[in-house]
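Letter by letter, the chains look like this.
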Amino acid sequence: MNTRINSGTADFATVTTAAGPFTALVDAEGAVLASGWTADAENLRGLIHTTLRPGALRERTELGRVTTAIERYHAGDLTVIDSIAVRQVSGPFLVHAWEVLRKVPAGEPITYTDFAAASGRPAATRAAANACARNAAALFIPCHRIFRTDGTLGGFRWGLPIKQWLLDHEAH
């Protein structure tokens, strides 16, 4: 049973990017709790683990380093997202898998099978795919860098056109 231990307020801001509107929610310390290519902050709030989910949202015009990183990434600085703090919780495998995702270099996507192996569970391709599906902090935890063994994109919460845009953006 999960109990809510965070009833505080998270700040959010939406940035216009070449891939569409991008919204990030951050906690009081500036760590990303959820993010994605949407203007719907309430939808993002619902993706946050119940133990971290804020009770309220407060819109800001920008979020300092987080907004700067979003803008710079979309302008071509592909490593700027690496230093942004992210806060997500789950079981040990998912937390570890999200850490592994942060180490997949831009422009060097890997398969779900390779991701499972890098996460220490080579036979757990479905679990690796689940780590991508349960990732609330898109971009900062770059689950878009994982694709199917047959070379197809696989799934992506924000749509395959955005996933393809990101992969093309990072390939240059």
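Anyway, here's the lowdown on the structure attached to this text. Sequence order sets the numbering: in each chain, residues are counted from 1 along the sequence as written. Note on the predicted model: pLDDT of at least 70 is required for a residue's local features to be given, and 80 or more for side-chain atom pairs to be given and counted; whole-chain, interface and lining totals, by contrast, use all residues. Derived side-chain values reflect all non-hydrogen atoms in the structure, with water molecules and hydrogen atoms excluded from consideration.

1. Re the environment of Leu-160
Point 1. Helix and strand assignments come from DSSP, with helices taken as H or I runs of at least 4 residues and strands as E runs of at least 2, each series counted from the N terminus. Note on placement: Leu-160 falls in helix 6 (residues 160–171).
Point 2. Its relative accessible area of 38% is what places Leu-160 among the partly exposed residues.
Point 3. Put simply, Leu-160 and Ala-56 are 104 residues apart on the chain and 30 Å apart in space, counted from C-alpha to C-alpha.
Point 4. Throughout, a contact is declared for two residues whenever any of their heavy atoms are within 4.5 Å. The contacts of Leu-160, once residues within four sequence positions are left out, are Leu-153, Gly-154 and Gly-155. Buried, partly exposed and exposed residues are distinguished by accessible area as a fraction of the type maximum, computed with a 1.4 Å probe on protein chains only: under 20%, between the cut-offs, and over 50%, respectively.

2. With respect to the packing of helix 3 (residues 92–101) against helix 5 (residues 125–133)
Helix packing geometry: the angle between the two helix axes and the distance between the axes.
Point 1. Running from N to C, helix 3 and helix 5 cross one another at 75°; their axes reach a closest spacing of 9 Å. In this view, helix 3 runs roughly perpendicular relative to helix 5, as classed from their interaxial angle. Of the residues in helix 5, those in contact with Phe-93, Leu-94, Ala-97, Trp-98 and Leu-101 of helix 3 are Ala-127, Ala-128, Asn-130, Ala-131 and Cys-132.
Point 2. Residue composition of the contact of helix 3 with helix 5, by class: nine nonpolar, one polar and no charged. Note on geometry: axes are C-alpha line fits, over the in-contact stretch for helices, and angles between N-to-C directions span 0 to 180 degrees. Roughly parallel means an angle under 35 degrees; roughly antiparallel, over 145; roughly perpendicular, 65 to 115; everything else is oblique. Gly is put with the polar residues, along with every residue not named as nonpolar or charged; the nonpolar set is Ala, Val, Leu, Ile, Met, Phe, Trp, Tyr, Cys and Pro, and the charged set is Asp, Glu, Lys and Arg.

3. Some remarks on the pairing of strand 3 (residues 32–36)
Point 1. By the criterion of burial, strand 3 is predominantly enclosed, with five of the five residues buried.
Point 2. Here, any two strands with at least 2 DSSP bridges between them count as paired. Direction of pairing for strand 2 (residues 20–26) relative to strand 3: antiparallel, over a ladder of four bridges. Across the sheet, residue Leu-25 finds its bridge partner in strand 3, namely Ala-34.
Point 3. Turn length for the strand 2-strand 3 hairpin, with the two strands adjacent in sequence and antiparallel, is five residues, and the turn residue Gly-30 shows positive phi of about 85°.

4. Topic: the pattern of salt bridges
Point 1. Each salt bridge in this description consists of a side-chain nitrogen of Lys or Arg and a carboxyl oxygen of Asp or Glu lying within 4 Å of one another. Using the criterion set out here, one finds seven salt bridges in the structure.
Point 2. The residue Glu-29 makes a salt bridge to Arg-87 at a minimum N-O spacing of 3.1 Å. Pair noted here: Glu-29 is in the loop between strand 2 and strand 3 and Arg-87 is in the loop between helix 2 (65–74) and helix 3, with a separation of 58 residues, a long-range link.
Point 3. Overall, the relative accessible area of 66% leaves Glu-29 in the exposed class.

5. Thoughts on helix 2
Point 1. Along helix 2, the positions that sit buried rather than exposed are Val-66, Thr-67, Ala-69, Ile-70, Tyr-73 and His-74. Along the long axis of helix 2, the arc covered by the buried residues comes to 160°, so they all point the same way.
Point 2. Contact partners of the buried residues in helix 2: strand 1 (9–17), strand 2, strand 3 and helix 6.
Point 3. Phi for Gly-76, located one or two positions after helix 2, is positive at around 120°. Relevant arc is that of directions from the helix axis to the C-beta atoms, nothing else.

6. Looking at the nonpolar core
Point 1. The criterion is simple. A nonpolar core is a set of buried Ala, Val, Leu, Ile, Met, Phe, Trp, Tyr and Cys residues joined through side-chain atoms within 4.5 Å. With 52 residues, the main nonpolar core has Trp-37, Val-66, Leu-101, Phe-115, Phe-140 and Ile-146 as its most contacted residues.
Point 2. Sorting elements by how many residues they give to this core places helix 3 first, with six residues.
Point 3. Those residues in contact with Leu-101, other than ones at most four positions away along the chain, are Phe-115, Cys-132, Ile-141, Pro-142, Cys-143 and Ile-146.

7. Here we look at the packing of aromatic side chains
Any two aromatic rings considered together are summarised by their centre-to-centre distance and by the angle between their planes.
Point 1. Two rings from Phe, Tyr or Trp (for Trp, the six-membered ring) form a pair when their centres sit within 6.5 Å of each other. Planes less than 30 degrees apart are called stacked, planes more than 60 degrees apart edge-to-face, and all others tilted. Under the criterion given, the structure shown has three aromatic pairs.
Point 2. Summarising the aromatic geometry, the rings of Phe-22 and Phe-140 are spaced 6.3 Å apart at their centres and angled 65° between planes, so their arrangement reads as edge-to-face. Highlighted residues: Phe-22 in strand 2 and Phe-140 in the loop between helix 5 and strand 6 (146–147), separated in sequence by 118 residues. Residue Phe-22 shares its accessibility class with Phe-140, and that shared class is buried.

8. Here's the deal with the sheet that holds strand 4 (residues 56–59)
Hydrogen bonds along the backbone pair up the strands of a sheet, which may run parallel or antiparallel.
Point 1. Read across the open sheet, the four strands follow the order 3-2-1-4; overall the sheet is mixed. In the strand order of this sheet, the two ends are held by strand 3 and strand 4, each with one partner. Averaged over neighbouring strand pairs, the angle between their axes works out to 25° when direction is ignored.

Nothing here speaks to function; it is geometry throughout.
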